[in-house]
Amino acid sequence: MIPDKRTVDPVRDLGAFLMNAEKPARYIGGEYGEIRKETAALSIAIAFPDLYEIGMSNTALRILYNRLNAIHGLRCERVFAPAPDFEAILRERGVPLFSLESGIVLSEFDIIAVTFGYELGITGLLSILSAGGVPILNTDRSPTDPIVMMGGPACSNPAPYSRFVDAFWIGEAEAGFFDLMAESKNMKERGAGRSEILAFISSSRHVWIPGKKAVRAVHADFGKADEARNIFPIPNIKVIQDHGVVEIMRGCPNGCRFCHAGVWYRPMRQKSADLVIAEVRSLVEVGGYREISFSSLSSGDYNHIFELISYCTARYKSRNVSFQLPSLKISSFFLPLLDSLSEVRRSGLTFAVETPVDAWQLAINKEVAYANVVSILKEAKLRGWSQAKFYFMIGLPVETEGSTEEDRIVDFLASVSRETKMKINANIGSFIPKPHTPYQWIRQIGEGESARKMNSIRHSLERYNIKVSTHDPFTSAVEGIMSRGGADVSGIIEDAFVSGARLDAWNELFRPELWRESIASHAEAAASALGEKPTNAKLPWHEINPGVSESFLRKEYELSKAQLMTDRCSDDCSHKCGSCNDESSLVSNQSLCEDDAASAPAFDLPSLPEDGSTAPDSVSRIERETYRMVLSFAKTGKSVFLPHLGLMELFCKAFNRTDLPIKYTEGFNPLPKLDFASPLSLGIASLEEIATVDLYDAVTAERFVESMNRALPTFIRVTRAERYLIPVGTKKHSAASMLWGHSYRTAQGDRPVASSQEKGFRAEIIGDDEGRKLDILIVSTLARGDEGTEGISYFTAYSNLYGI
């Protein structure tokens, strides 16, 4: 319990009703590395306006969570948008939305800090507020309601959300936000109330409220400070991007004129290689990840990227860790780098061409020459790649008389397919001219025009067997309205939400009819947002200073019309945009040259053998006996809502956090040789579940249990383990193949109903003969004994097979 706070225990207060929600593990918390504080002067809820699987993939959320919790006397907990089914359960049961860590009701927090990365997430925020008992309109909030703050790249134009949010942090949180929250905590300790704290927050030069100018905050020390601690918590279930992420570079030197992030995160700052390696080590050895992404807007522009990848791959290949570079521009594509990335897992080839004509590429300040693409693909094919994916946008201000985007995209892809003989896929989206870019004044292409172009491309490429996927034109129009509109757009958002719009970034949940109706009621606001704007107009975002001058953006717009490029950002560039100044400037990685990469001791990392172990005396896996560890574990409380695949992933990550000599499978995606006797149905508790894992070296059962319980979330406990030696050539019996059944107890509420041992019982009973729901507790999981006998302990069964 948290003193002076209303709390919800999802197991106690919702119980079996959670079973009616898709993926109930989204709402239970308890992850490895979560932070709980019993007392705090100031409580902040980090709200991510989308589902758990999206939010727990977000780097910004981890930074905010860990840095805020590092402030003494400040509590930071997480809340995510409820899926519609769970929102309905909460309303039916009269239970408000709550935080994952302590179950604090949302309205009990002092501040709700929203990290906002995508405009269509706005209805997710409103559903969080509404379900949490917080008025969605800031004018309806009382002195006892939380302060609602928003930050992130999607609120670089905050005007459309100004009726819902009390204050907006403009820019990067590391550049002052944490200091602002620390002082807010001090004020709360001195007795300050909501209005006083909100006035203090609003006084920051980096905070926008209507009628006040704000300057984008820039983290000048990015890449110089150790961020290895920003890895927690680790998700309980499979998330959208279930891998460790190292942000190796913030900003981009290339100056693509269509790219909002390229402007918003200027200047480019590269993290030093030794800090990158330290983060990798934390993600692998503490986080338990086996896939690591080096994240940036253009990873190929990171100095010494090939040496860094080669170094990390060599270091961690023996632990089956792979590395990804999700954003490589084609000019930085070189195939030895791809070969290095593919040593453990091979990913696909992706080309963000954007527009197909070389001259048009000059207009958008991005060179992706057709000849270069073909050359790379031909060489890639020789090295084993068989397919490639291309991304294009329609609606860029590039078309010339007598030549249309759709025709030239078709020509480009058809020609690539003919010349390379590779399987080609293409994705086509509508361009949205975002605020603070050189194209902020142009009109956004209409829904009908966009659909016509996309259909033409799809139809024309059918005969070439090129698969074309498209982004829904109407969804792009809604995104454009929210990113380019003024305060009057808030009426569109509110009406759509009240009508039932939720989680609109998900195609299966997006309800276009609600948005069409709402837009029709606010047609003038929508048309103004999507239409062309004079270059001397006062734009809805004119009070936001992005750090890039308006004159620079106008000049870039004129250069685009003339199809002239601007040089990359550099210390001595000739196109001063305004982002480099006394407070911030370009930062490039200067370490890890080729000689450094070969010099392992410089980075103080363990030398790992090539057999997949961390033990220095291990030898090749080939022709070796197997040590099989049989373990029992309890699955009770919150863990009963964890799906079996989530449980498997928890164990796999836990193995990676230990120094246990785990055996892995061979092939494309190596996995621990882990076997469960009987996957439990969701919602069933068990005092004894059985699993086995193979080791290539002997460790004691005591060390195994201790290591695993340190590495697992607290709601999963290994209760016993025994090791068995399986000599070379001896049949290995899987735990699943040995299953006899379970012993179990059933009850209705607190009243015991039955206690039984049943052959073949797999914990799927949901009612008695009269259809009444029963609570089931597995007491033990049993293996086959001699013919005609009842089940026996798995430890006895394995002892009978292999001895001790």
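Data block above holds the structure.
Residues numbered from 1 in each chain as written. Predicted model: local features only at pLDDT ≥ 70, side-chain atom pairs only at ≥ 80, totals over all residues. Heavy atoms only, no water.

Trainee: For the side chain of S632, give the residues involved together with the corresponding values.
Mentor: In this structure, S632 sits in strand 18 (residues 626-635). Here S632 falls in the buried class, since its relative accessible area comes to 3%. Polar contacts involving the side chain of S632 include one to the side chain of T719, which spans 2.8 Å. Filtering out sequence-adjacent residues up to four positions away, S632 remains in contact with E688, E689, I690, R717, V718, T719, R720 and F795. (Helix = DSSP H or I, 4+ residues; strand = E, 2+ residues; numbered from the N terminus. Buried < 20%, exposed > 50% of the residue type's maximum accessible area, 1.4 Å probe, protein only. Polar contact = N/O pair within 3.5 Å; in protein donor to acceptor, adjacent residues only side chain to side chain. Contact = heavy atoms within 4.5 Å.)

Trainee: Pulling in residues and values, what's your account of the nonpolar core?
Mentor: In this structure, L68, M150, Y161, F177, M181, I201 and F651 are the most contacted members of the largest nonpolar core, which totals 138 residues. Look past the residues within four positions of F177 in its chain and what remains in contact with it is L64, L68, A113, M149 and W169. Formed by 30 residues, the second largest nonpolar core is a distinct cluster that contains I234, I292, Y316 and L337. (Core = buried A, V, L, I, M, F, W, Y, C linked by side-chain atoms within 4.5 Å.)

Trainee: Could you give an account of the sheet that holds strand 11 (residues 291-295), with specific residues and numbers?
Mentor: Ordered by their spatial adjacency, three strands build an open sheet running 8-11-12, and the pairing between neighbours is parallel. Lying at the two open borders of the sheet, with one neighbouring strand each, are strand 8 (244-247) and strand 12 (322-324). Neighbour-to-neighbour, the strand axes of this sheet turn through a mean angle of 25°, independent of strand direction. Bridge count between strand 11 and strand 12: three bridges; the pairing is parallel. Considered in strand 12, the bridge of I292 is made with F323. Lying over the sheet, helix 10 (residues 305-316) contacts strand 11 and strand 12, oriented at roughly 155° with respect to strand 12. (Pairing = 2+ DSSP bridges. Axes fitted to C-alpha atoms, helices over the stretch in contact; angles between N-to-C directions.)

Trainee: Pulling in residues and values, what's your account of the pattern of salt bridges?
Mentor: Applying the stated criterion to the full structure yields 45 salt bridges. With its nearest N and O atoms 3.3 Å apart, the salt bridge here joins E119 to K434. Residue E119 is found in the loop between strand 3 (111-115) and helix 5 (122-131), and its partner K434 is found in the loop between strand 15 (423-430) and helix 15 (447-461); the two are separated by 315 residues along the sequence. When its relative accessible area of 5% is taken as the criterion, E119 is described as buried. Across the pair R383 and E379 runs a salt bridge, and its minimum N-O distance is 3.1 Å. Each of E172, E174, R216, E247, R250 and R269 takes part in a single network of salt bridges with overlapping partners. (Salt bridge = Lys/Arg side-chain N within 4 Å of Asp/Glu carboxyl O.)

Trainee: Could you give an account of the pairing of strand 3, with specific residues and numbers?
Mentor: With five of five residues buried, strand 3 lies mostly within the body of the structure. Burial of strand 3 is two-sided: the residues I111, A113 and T115 facing one way and the residues I112 and V114 facing the other way are all buried. As paired strands, strand 1 (residues 42-48) and strand 3 are joined by four bridges and run parallel to one another. Within strand 3, the residue paired with I46 across the bridge is A113. Strand direction decides the pairing type here: strand 3 and strand 4 (residues 147-151), joined by five bridges, are parallel. Counted as the bridge partner of T115 is G151 from strand 4. Remark: the strand 3/helix 5/strand 4 crossover connection has right-handed handedness. (Right-handed = clockwise from strand over helix to strand, strands pointing away.)

Trainee: Report on the sheet that holds strand 4, specifying residues and quantitative values.
Mentor: The mixed open sheet is built from six strands, whose spatial order is 2-1-3-4-5-6. Taken across any chain shown, the strands that pair with only one partner, and hence form the sheet edges, are strand 2 (74-80) and strand 6 (207-208). Of the strands in this sheet, strand 1, strand 2 and strand 3 touch helix 3 (residues 59-69), which is tilted by about 155° from strand 2. Helix 5 contacts strand 1, strand 2, strand 3 and strand 4 of the sheet and is inclined by roughly 160° relative to strand 4.

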